[in-house]
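Here are the chains, one letter per residue:
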Amino acid sequence: MNTWATSDTWITSAHDNPYVGPRAFQPGERLPNREREASEIANLVVAERVVLLHSPSGAGKTSLIQSAVTGILAEKDFRPLGPARVDKPPPPGLQVRNRYVYSLALHLLGEHCTDSQLLASSTLGQVLDRAMAQADPPFSGRQQPVLIIDQFEEVLTLDPTDWEQKTNFFEELGSELNSLCHACESDAPERTAGPRAPDGPHECPRPRRLWLLLAMREDYMGGLESYRRLLPGHVRARYRLDFLTHHEARLAIQRPAEDWGVRFSDAAAQALIERLAMTKVSSPDHPSEWQPTPYVEPVQLQVVCHRLWRDAKEANHDGFDAIDIGQVEAADIDDALSRFYGDCVAEAASTTGVPEQTIRDWFENQLITTQGFRSQTVTRPAPGQEGVQLVRLLEDTHLVRADTRSQNTWYELEHDRLITAVRKSNDVWRWSHLLPWQVTAFDWQRSGRPKALLAPARELPRLAPGKDEDLTATEREFRAASVEEAQRGRLIWGVRSAARMLAVFCLIQTVVIVVLILLLV
């Protein structure tokens, strides 16, 4: 589930906005496109039992699963368990038998089980049995359980070194896919859910077999090769979800507005698609330039449409029946993305306790070059578990993309279009929240630390009279460099003053000597 689904900034209500913004579509919300893909995925799950749904980051897997696939599966007498994730770390001091099973237990049983020791010691089979036994409404005799695990790449990326835990998790998952309820495992294959006659009454919480849908970013699929053999069918059934085609993007733009009685004109929709379907391309022989693409990223589309709708409401005092091409051409896409970035960073700072300035500086210093291109870094914004949690939140919002190579995880911006948005938002935030010399300190760092930007001597008393720990490393270095340059300037001024005085003294001596010579003559 998208981490930002509860953000007040982006909640969609019946009286607010038909576009969801950056959060994922929730169960019960209408996905305005991709009916074919949802139906194909559901049919593939029914036919194959174990399916891997993969896509580029930000293509909309979570939205598709939550708002469409689960509903279709339910219509086919399947009962989804999840979407769940393997992302939850155990709290300090709690010993768990398997961290990935523990995380699934938190997602599937968290509302019904407060016994942390029970969750920590449970096997995957026990977790699934409890989840089905506690289902409301209860499982019917015909329903089949489908375990859905979203963002499954986390099993590979959270700790690349815990091979034993991963192997045990996949072994348990494979075992559950091949077994019935633990109380019924010895029964004949044709048994259905219900009383167990030989040993007295037994209500089986596991109606026959388990189905499985895994969803993950496709750039991590190679990491599954070591574990595929542990699952039935070796995960041969796969479905690739791509970004929105231009046709799908048009539906995502026009249908939500039409549902609210507002016409989003064809010309306006096409103009918006043309502005969004762009990517920056560079080559050794040519400077980077924006080129059209055959696809649109769903997150960017929802963010921009959300802002367009809000602007139309404000301009027309809630009374409007159309969005035309003029409004689209006047829309500032970078501003919409900039506000989105700012909201996400503020929420991440509040959630993790990492200062907002630290996060913003990390984006601009580590992920963007001084020339304005995307860069990669292995450095997180903060050390320890805080940094791990923070980058995970930023990944969930599709601001940052992570790539694990040779035991190192590299981070980069999700899209080139975010470069301008990040810089614009950061500049506005700094002038609103920092002292002028702190803004200058960042510009000094970003510009390659030129001496011309250092604080003059007369400004030194104003530079951070408080504690050093309240300053960033850049601000401390800027202050030290300014003090050093001021001291150097005073030394040079002293030397020059002494030189001028010596020159005047020599001139006077010369004049005196000349006068004496003239008098003697």
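Note that the coordinates shown come from a computational prediction; the quantities given were computed from them, not determined experimentally.

## Digging into the packing of helix α3 (residues 99–109) against helix α7 (residues 163–177)
α7 packs onto α3 with a crossing angle of 55° between their chain directions and a minimal axis gap of 8 Å. Here α3 lies oblique to α7, going by the angle between them. Contacts between α3 and α7 involve R99, Y100, V101 and L104 on the former and, on the latter, Q165, K166, F169 and E172. Class assignment of the residues belonging to the contact of α3 with α7 gives a composition of four nonpolar, one polar and three charged.

## Notes on the packing of aromatic side chains
For any two aromatic rings, the description comes down to two numbers: the centre-to-centre distance and the angle of the planes. The final tally for this structure, using the stated rule, is 13 aromatic pairs. Plain terms: the ring middles of F78 and W211 are 5.1 Å apart, the flat faces sit at 75° to each other, and that makes the pair edge-to-face. Pair noted here: F78 is in strand β2 (residues 78–84) and W211 is in strand β4 (residues 211–217), with a separation of 133 residues, a long-range link. We classify F78 as buried; its relative accessible area is 7%. A ring pair is formed by W362 and F363, whose centres lie 5.4 Å apart and whose planes are at 80°; its orientation type is edge-to-face. Put simply, the rings of Y100, F152, F169, F170 and Y227 pair up and form one aromatic cluster. Between the NZ or CZ atom of R49 and the centre of the ring of W211, over which it lies, the distance is 5.3 Å.

## Regarding the side chain of Q302
Relative to the helices and strands, Q302 resides in helix α10 (residues 298–316). When its relative accessible area of 7% is taken as the criterion, Q302 is described as buried. In this view, Q302 contacts Y19, V20, G21, F25 and A252; residues no more than four positions away in its chain are not counted.

## Description of the confidence of the model for the protein
Confidence in the prediction for the protein averages 83 pLDDT; 86% of positions are at 70 or higher. Below a pLDDT of 50 lies the segment residues 1–15, which in the model reaches 46 contacts outside its immediate sequence neighbourhood of four places, other chains included. Contacts of residues 181–202 to residues separated by more than four positions or lying in other chains number 33 contacts, the stretch itself having pLDDT below 50.

## A word on a nonpolar patch on the surface
Taken together, the side chains of V504, L507, I508, V511, V512, V515, L516 and L519 present a nonpolar region at the surface, about 730 Å² in accessible area. Locating V512 in the fold gives a position in helix α17 (residues 473–520). A relative accessible area of 38% places V512 in the partly exposed class.

## Here's the deal with the environment of E29
In this structure, E29 sits in the segment before α1 (35–48). Residues within four places of E29 in sequence aside, it is in contact with V20, R23, A24 and S67. There is a polar contact of 2.8 Å between the side chain of E29 and the backbone nitrogen of Q26.

## Some words on the sheet that holds strand β5 (residues 237–240)
In space, the five strands of this open sheet follow the order β2-β3-β4-β1-β5, with parallel pairing throughout. Looking at the sheet topology across the chains shown, the edges are occupied by β2 and β5. For this sheet, the mean inter-axis angle between neighbouring strands, taken without regard to orientation, is 20°. In this structure, β2 lies alongside strand β3 (residues 144–149), joined through five bridges in parallel fashion. Looking at β3, one finds that F78 is bridged to Q144.

## A short note on the nonpolar core
Judged by nonpolar contacts, the single largest core of 100 residues is most densely connected at F169, F264, L272 and F363. Sort the elements by how many residues they give to this core and helix α12 (residues 333–352) lands first, with nine residues. Once you skip the residues sitting within four places of it in the chain, F169 turns out to touch V86, N98, Y100, V101, L104, I149, F152 and V155.

## Side note on the pairing of β4
Here is the key point about a regular strand: its side chains alternate between the two faces of the sheet. Burial analysis of β4 places seven of its seven residues in the buried class, the great majority of the element. Here β4 shows a buried face lined by W211, L213, A215 and R217 and a second buried face lined by L212, L214 and M216. Relative to β4, strand β1 (residues 50–55) is paired through six bridges, and the arrangement is parallel. Along β4, the bridge assignment pairs L53 with A215.

## Side note on the pattern of salt bridges
Under the defined criterion, the tally for this structure stands at 27 salt bridges. In this structure, the salt-bridge partner of D77 is R142, at a minimum N-O distance of 3.0 Å. Of the two residues, D77 sits in the loop between α2 (61–75) and β2 while R142 sits in the loop between α5 (124–133) and β3, which places them 65 residues apart along the sequence. Here R339 and D335 are joined by a salt bridge, their closest N and O atoms 3.0 Å apart. Highlighted residues: R339 and D335, both in helix α12, separated by four residues, approximately one helical turn. When salt bridges with common partners are traced through the structure, they connect R85, D87, K88, E154 and D396 into a single cluster.

Thresholds, definitions, all that
- Residues numbered from 1 in each chain as written.
- Predicted model: local features only at pLDDT ≥ 70, side-chain atom pairs only at ≥ 80, totals over all residues.
- Heavy atoms only, no water.
- Axes fitted to C-alpha atoms, helices over the stretch in contact; angles between N-to-C directions.
- Helix = DSSP H or I, 4+ residues; strand = E, 2+ residues; numbered from the N terminus.
- Parallel < 35°, antiparallel > 145°, perpendicular 65-115°, else oblique.
- Contact = heavy atoms within 4.5 Å.
- Nonpolar A, V, L, I, M, F, W, Y, C, P; charged D, E, K, R; others polar.
- Phe/Tyr/Trp six-rings, centres within 6.5 Å; stacked < 30°, edge-to-face > 60°.
- Buried < 20%, exposed > 50% of the residue type's maximum accessible area, 1.4 Å probe, protein only.
- Lys NZ or Arg CZ within 6 Å of the ring centre and 35° of its normal.
- pLDDT = per-residue confidence, 0-100.
- Patch = residues over 30% accessible without salt bridge, like charges linked within 9 Å, V, L, I, M, F, W, Y side chains within 5 Å.
- Areas by Shrake-Rupley, 256 points an atom, 1.4 Å probe, with all protein chains shown as cover.
- Salt bridge = Lys/Arg side-chain N within 4 Å of Asp/Glu carboxyl O.
- Polar contact = N/O pair within 3.5 Å; in protein donor to acceptor, adjacent residues only side chain to side chain.
- Pairing = 2+ DSSP bridges.
- Core = buried A, V, L, I, M, F, W, Y, C linked by side-chain atoms within 4.5 Å.

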